[in-house]
Structures are given as structure tokens and as C-alpha cells.
Amino acid sequence: MAVLALMFNALIWGLSWWPFRQFQAVGLHPLWTTVLLYVLSLLVISGAKRQAWREFLRTPALWLVMAAAGLTNTAFNWGVATGDVVRVVLLFYLMPLWAVLLARLVLGERLTRLAVLRMALALGGAAVVLAPAGGGLPWPASLADWLGVIGGFTFALNNVMLRRQAGSSGEARALAMFGGGVGVAGVAATLMAGGGLIAWPSLPSALWLLPLAGMALLFFLSNLSLQYGASRLPANVTAIIMLTEVPVAALSALWLGGGGLDLQTGLGGACILAAALLAALERQGAK
């Protein structure tokens, strides 16, 4: 059940770029869309399990879950809505690299030789993806690139912290994640709108509230699935299962015009995915 829950979450995330772009096309920036999606989830959890707020407030580790989840949603949703979906998702899935380091620091998991090899392969793949055509340092070339990298790091931190807080109630963990989606994206959107960088939220008609509500329901279910699965599996295993998102996002983006795949990106992406798959081999060998 934990594996299926994570695969469902990856499917929703892999396809989410398309509705985010549809809302952006009619005047709703992805940051505002993120806020509206998680307001519903936050209200449901708050109304159904009021004691979750007390547990959340007295558990500082859940505050870090809130910050990590909020940054993940803000960065990923913004990145796939504005950049090349394939490229952003591949950079996001440097997550297994960050998961190895964070699991070592936070959970005390052993750093094996295979894990070091995996890290080197992931970094090499990232260097190929980010290498500029005219030569130079392999560095994120756009805001969307940076958002993909940042989102992957904070998602790895979110998964590690969920594993660390497996003893907390599911409601408190969900409250932290949904609260992060509202709080971080909301603060970022308000500051940017106040500075004239993005528009204040608007929709062309009330009919747009129906698909927004449907998307909010799917995100609610997918995030509950994430906290259920990630709290029951090791952080590196969670990272591997979530790779289901990569082919979903890539194929849907190529089909619907959300991104491209050239030889350089394909080779670098193959290295990143190979690094992630090594974690599965390491896990299998440990049994």
C-alpha cells in the first residue's frame, strides 16, 4: 500500500504541469493556484482533526516539514508552469542525491560505496543537462532550472523529515504539508504581487472554480498518499518509487508541447535516472 500510495502521488505530480499552465493562461499565476489548491486541504484537516494543530504547534520538527513541503510545492509548481517540463523534472529528480546526504545527517543512515557512486553519477548527469551549448560551467541557466533544483532538495528534506516524524500522527504531518503549501506560496505570491512582479489572482469566470476544486481534491489525496508512503519506507526507497513521475511528466510534456528532449538532455537524464535506480539495487542487496 505504501508503494501504491507513492506511485499515485507521482502520477498526479507528473501530470500537474498541464492544469497549472491552463490556469496561468487565464490569469492565475502558479503561486496563487498553489495557495488555492492547499487552502481546501488545510481547511478539511483543520475541521476534521482540530487536535492536529496542538500537536503541530508543540512539535518543532513538523515546522521544518511545513517549510520543506511549502518550498517544494512553490518551486516545482512554478517551475513546470513556466519552464521546459522535461528539464525541470529531471533537475527536480536530483532528489535521490540530496536524500542520501540528508538521510545521513538527519537519520544517521550509513553512507555506502554504492551511495557515493550514485551521487557521482547524479552529479555527472546534472552537469550534462546544465552544460551550456557554447561551453562554460554547468550551472542552472534560468529561473525554471533553479526552481527544479531547489524543489528536489526540499522534497528530499520533506521525505526525510516525514520518515523521522513517523511517530507523529498522520493528521499533524498532513497539516504541516498543507500549511506549507498555503503559507510559503502565499507569502511569495503576496510579496511578488505587491512588487508588481506578478498579477493579483483573477479568473475569467466562476466556472473556472470547478476544475480548480477538482484539482484541489486530487492534490489533497496525493499529498495524503505521500505522507502515508514516505513515513513507512526508507527515504532512499521513497525517492526511487517517486521516479514514476519522470516518464509521466516527460511523455505528457512531449505529447502536449510542454517541453522537448534533445540528445544532451536525454544523456544527462539517463545518468540521473541510473543514479536513482542504483538505490534500488543497494536496497535489494541489503535484504
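Residues numbered from 1 in each chain as written. Predicted model: local features only at pLDDT ≥ 70, side-chain atom pairs only at ≥ 80, totals over all residues. Heavy atoms only, no water.

Per the secondary structure count, the protein chain includes 14 helices and 0 strands. When the helices and strands of the protein chain are read in sequence order from the N terminus, they spell out α-α-α-α-α-α-α-α-α-α-α-α-α-α. For 287 residues, the compact-globule formula gives about 19 Å, and the C-alpha radius of gyration of the protein chain, at 18 Å, lands near that figure. Along the three orthogonal principal directions, the C-alpha set of the protein chain runs to about 50 × 45 × 30 Å. Here the protein chain holds 287 residues, and 53% of them are scored as buried. Counted over contacts in the protein chain with a minimum sequence separation of 6, partners at least 24 positions apart contribute 85%. Of the roughly 12,600 Å² of accessible surface on the protein chain, a fraction of 71% belongs to carbon and sulfur atoms. Taking the average location of the 16 positive side-chain charges in the protein chain and that of its 8 negative ones, the two points are 11 Å from each other. (Helix = DSSP H or I, 4+ residues; strand = E, 2+ residues; numbered from the N terminus. Rg over C-alpha atoms; globule rule 2.2 N^0.38 Å. Buried < 20%, exposed > 50% of the residue type's maximum accessible area, 1.4 Å probe, protein only. Contact = heavy atoms within 4.5 Å. Areas by Shrake-Rupley, 256 points an atom, 1.4 Å probe, with all protein chains shown as cover. Lys, Arg positive; Asp, Glu negative; His and termini not counted. Charge placed at Lys NZ, Arg CZ, Asp CG, Glu CD.)

Below, the discussion takes up the side chain of Thr-59. Secondary-structure assignment places Thr-59 in the loop between helix H4 (51–57) and helix H5 (60–82). Only 2.6 Å separates the side chain of Thr-59 from the backbone oxygen of Glu-55, close enough to count as a polar contact. If near-sequence neighbours (up to four positions away) are discounted, Thr-59 is found in contact with Gln-165 and Ser-168. (Polar contact = N/O pair within 3.5 Å; in protein donor to acceptor, adjacent residues only side chain to side chain.)

Another point: helix H3 (residues 30–48). Here H3 is 19 residues long and its end C-alpha atoms lie 28 Å apart, about the 27 Å a rise of 1.5 Å per residue gives. The set of residues buried in H3 consists of Pro-30, Leu-31, Trp-32, Thr-33, Thr-34, Val-35, Leu-37, Tyr-38, Ser-41, Leu-42, Ile-45 and Ser-46. Close packing links the buried residues of H3 with helix H2 (17–25), H4, H5, helix H10 (170–194) and helix H11 (209–230). (Expected span 1.5 Å × (residues − 1).)

This part covers the confidence of the model for the protein chain. Overall, the prediction assigns the protein chain a mean pLDDT of 85, with 94% of residues at 70 or greater. Mean pLDDT per element in the protein chain: helix H12 (residues 235–241) is the minimum at 69, and H2 is the maximum at 94. (pLDDT = per-residue confidence, 0-100.)

Following the criterion strictly, the structure yields 15 aromatic pairs and no others. On the numbers, 5.6 Å between centres and 75° between planes, the contact of Trp-139 with Trp-146 is edge-to-face. (Phe/Tyr/Trp six-rings, centres within 6.5 Å; stacked < 30°, edge-to-face > 60°.)

The first and last C-alpha atoms of helix H1 (residues 2–15) sit 21 Å apart over 14 residues, in line with the 20 Å expected at 1.5 Å per residue. If you check which residues of H1 are buried, you get Ala-2, Ala-5, Leu-6, Asn-9, Ala-10, Ile-12, Trp-13 and Gly-14.

Direction vectors running N to C along H2 and H5 enclose 75°, while the axes themselves pass 8 Å from each other. The pairing of H2 with H5 is recorded here as roughly perpendicular in orientation. Seen from H2, the contacting residues are Trp-17, Phe-20, Arg-21 and Gln-24; seen from H5, they are Asn-77, Val-80, Ala-81 and Thr-82. (Axes fitted to C-alpha atoms, helices over the stretch in contact; angles between N-to-C directions. Parallel < 35°, antiparallel > 145°, perpendicular 65-115°, else oblique.)

Ranked by size, the top nonpolar core spans 90 residues in total, and within it Leu-37, Val-89 and Tyr-93 carry the most contacts. It is H10 that provides the largest number of residues to this core, a total of 11 residues. In contact with Leu-37, other than residues within four places in its own chain, are Phe-20, Leu-212, Met-215, Ala-216 and Phe-219. (Core = buried A, V, L, I, M, F, W, Y, C linked by side-chain atoms within 4.5 Å.)

Mapped onto the elements, Ala-189 comes out in helix H10. A residue is classified by how much of its surface remains accessible, and Ala-189, at 0% relative accessible area, is buried. Counting along the chain gives 179 residues from Ala-189 to Ala-10, while the straight-line C-alpha distance between them is 25 Å. Residues in contact with Ala-189, not counting those within four places in the same chain, are Leu-31, Trp-32 and Ile-198.

Quick look at a nonpolar patch on the surface now. A cluster of nonpolar side chains, contributed by Met-1, Val-3, Leu-4, Met-7 and Tyr-228, occupies part of the molecular surface with about 490 Å² of accessible area. When residues in the nonpolar patch are grouped by element, the largest group, 3 residues, is from H1. Topologically, Tyr-228 is positioned in helix H11. You can call Tyr-228 partly exposed: its relative accessible area is 31%. (Patch = residues over 30% accessible without salt bridge, like charges linked within 9 Å, V, L, I, M, F, W, Y side chains within 5 Å. Salt bridge = Lys/Arg side-chain N within 4 Å of Asp/Glu carboxyl O.)

Moving on: the packing of H5 against helix H6 (residues 85–92). When two helices pack together, their arrangement is given by the angle between the helix axes and by the axis-to-axis distance. Orientation of H5 relative to H6, taken along the N-to-C sense of each, is 155°, at an axis distance of 9 Å. The pairing of H5 with H6 is recorded here as roughly antiparallel in orientation. Two secondary-structure elements touch here, H5 through Thr-72, Phe-76, Gly-79 and Val-80 and H6 through Val-85, Val-88, Val-89 and Phe-92. The residue makeup of the contact of H5 with H6, split by class, is 6 nonpolar, 2 polar and no charged. (Nonpolar A, V, L, I, M, F, W, Y, C, P; charged D, E, K, R; others polar.)

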